[in-house]
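Working through the structure, step by step
Given next are the chains, with one letter for each unit.
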Amino acid sequence: MVTGRWRAKLQRLIVVVGLLLKVAQSCPELRQCFPEAVVTVPCQNDPTLEWTSEPSDIDCSIYVSCFNAIGIKMCCPDGMLFNPDTLKCDDESNVDCQIEPPPCPQTTTTTMPDTTTALADTTTNDADTTMVTNPAETTTDLSTDETSTTTDETDTTTQPITTTEEITSTAAIDTTTVQQGPDLAALCAALSTDSLVELAYPGECSSYIVCLDRQYIATEVCPAGLHHNPILSVCDSPDQAECLDYICQNNPEGSQINIASINSCQRYYICIGNMTVERFCAPGTIYDAENGWCIVEDMDNPCVRERLPAPPQGVILQCTGENELIKIRHPTMCDVYYRCLNGRLWARQCPAGLYFDTDRAQCNLAEVVSCEVQQ
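Residues numbered from 1 in each chain as written. Predicted model: local features only at pLDDT ≥ 70, side-chain atom pairs only at ≥ 80, totals over all residues. Heavy atoms only, no water.

1. Here we look at unusual backbone geometry
In this structure, R214 is a non-glycine residue whose phi angle is positive, near 65°. You can see R214 is positioned in the loop between strand 12 (207-212) and strand 13 (215-221). Unlike most non-glycine residues, A361 shows phi in positive territory, near 60°. (Helix = DSSP H or I, 4+ residues; strand = E, 2+ residues; numbered from the N terminus.)

Below is the structure:
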């Protein structure tokens, strides 16, 4: 679960990125586009479980890819603008842009005055009484079986010395605190299977870790605007990925609701305010959203599961025991790929509207992926 501290950090990050993009949208030289900048915005059209595109109302070279009314800001290539008629990026000459962005801000340099203040060294003399004994008058007789010490009281002098200096210093103490991240190796070690598993990175919706044989292998990041779907083990739309830090974010404080998983028949979530509690049905049962509890899975209440295609021979030949962790796209299916490690393959399928991006090695928006579906 995400603590308030992590959630506050994430909110500040989104605000900072949003402010950067606002400047970038109005200044072509500073504009940062997908996939470097991550900004989500509400869409104007009605929610739909298909990817659609909308024009931006502040910059003709920017458009919004929408899924279920949540948009991801995208940029057209240099020299192109988004055409609201075709809903695609087009040559500037074919687009009648009515938006006039303000000029780039001028950079100014301000010299701050030197305000160094010399601090006075404060010395305080306190009376520190030190007892001094004349060592010449202290003798030890070693000739007898017993050791005795004779001190001439008349020659023992006590001299008060006032020499202690107390210095008040204003030097700052270095209190740097290093935050320790999550124990990724321990997360992998706690798994109940030796298969290749992708786990959600604690506190991060877009990052995930890869484990094999209960050993930590790597940390990977989804393309901008997408979350890791820990159920399907792929990058997915935020509304479909079911990141625990995202599911209940809009639930009002003091309100408690149940939400059925859209990726698993046996899984559901309880939103207590914006805190998410994950729950699982017992084996042989599935969650019934209409009644709000788990029911027996039978012919009247089936759980539909799709099986992914077996890897073709060409993919098998590419996956050898000498390879490190790689991903290989299906030769004819743009949304299917295989994870390969040490000669072993695991099939994955991108969600609807996403294709496997060989450049990013992740599922990505179909419109930015170069792949032709073969029938």
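2. A few points about the side chain of N229
For N229, the location among the structural elements is in strand 14 (residues 227-229). Dropping the residues within four chain positions of it, N229 is found in contact with V234, D236, Q240, A241 and N263. (Contact = heavy atoms within 4.5 Å.)

3. Comments concerning the confidence of the model for the protein chain
Looking at the protein chain as a whole, its pLDDT mean stands at 74, while 67% of the residues score no less than 70. Overall, residues 6-26 carries pLDDT values under 50, and its contacts beyond four positions in sequence, including any with other chains, amount to 21 contacts. Scored below 50 in pLDDT, residues 115-178 makes 49 contacts in the model with residues more than four places away or belonging to other chains. (pLDDT = per-residue confidence, 0-100.)

4. Re the state of the cysteines
Following the criterion strictly, the structure yields 12 disulfides and no others. Paired by a disulfide, C188 and C211 hold their sulfur atoms 2.0 Å apart. When the S-S torsion is -60°, as for the bridge of C188 with C211, the disulfide is left-handed. Here C188, found in helix 2 (residues 184-189), pairs with C211, found in strand 12; they are 23 residues apart in sequence, far enough to count as distant. The class for C211 is buried, based on a relative accessible area of 0%. Disulfide partner of C350: C363, at an S-S distance of 2.1 Å. On the S-S bond that ties C350 to C363, the torsion sits near -85°, and the link is left-handed. With C350 in the loop between strand 23 (344-349) and strand 24 (354-357) and C363 in strand 25 (residues 362-365), the pair connects residues that are 13 residues apart, well separated along the chain. The class for C350 is buried, based on a relative accessible area of 4%. (Disulfide = S-S within 2.5 Å. Buried < 20%, exposed > 50% of the residue type's maximum accessible area, 1.4 Å probe, protein only.)

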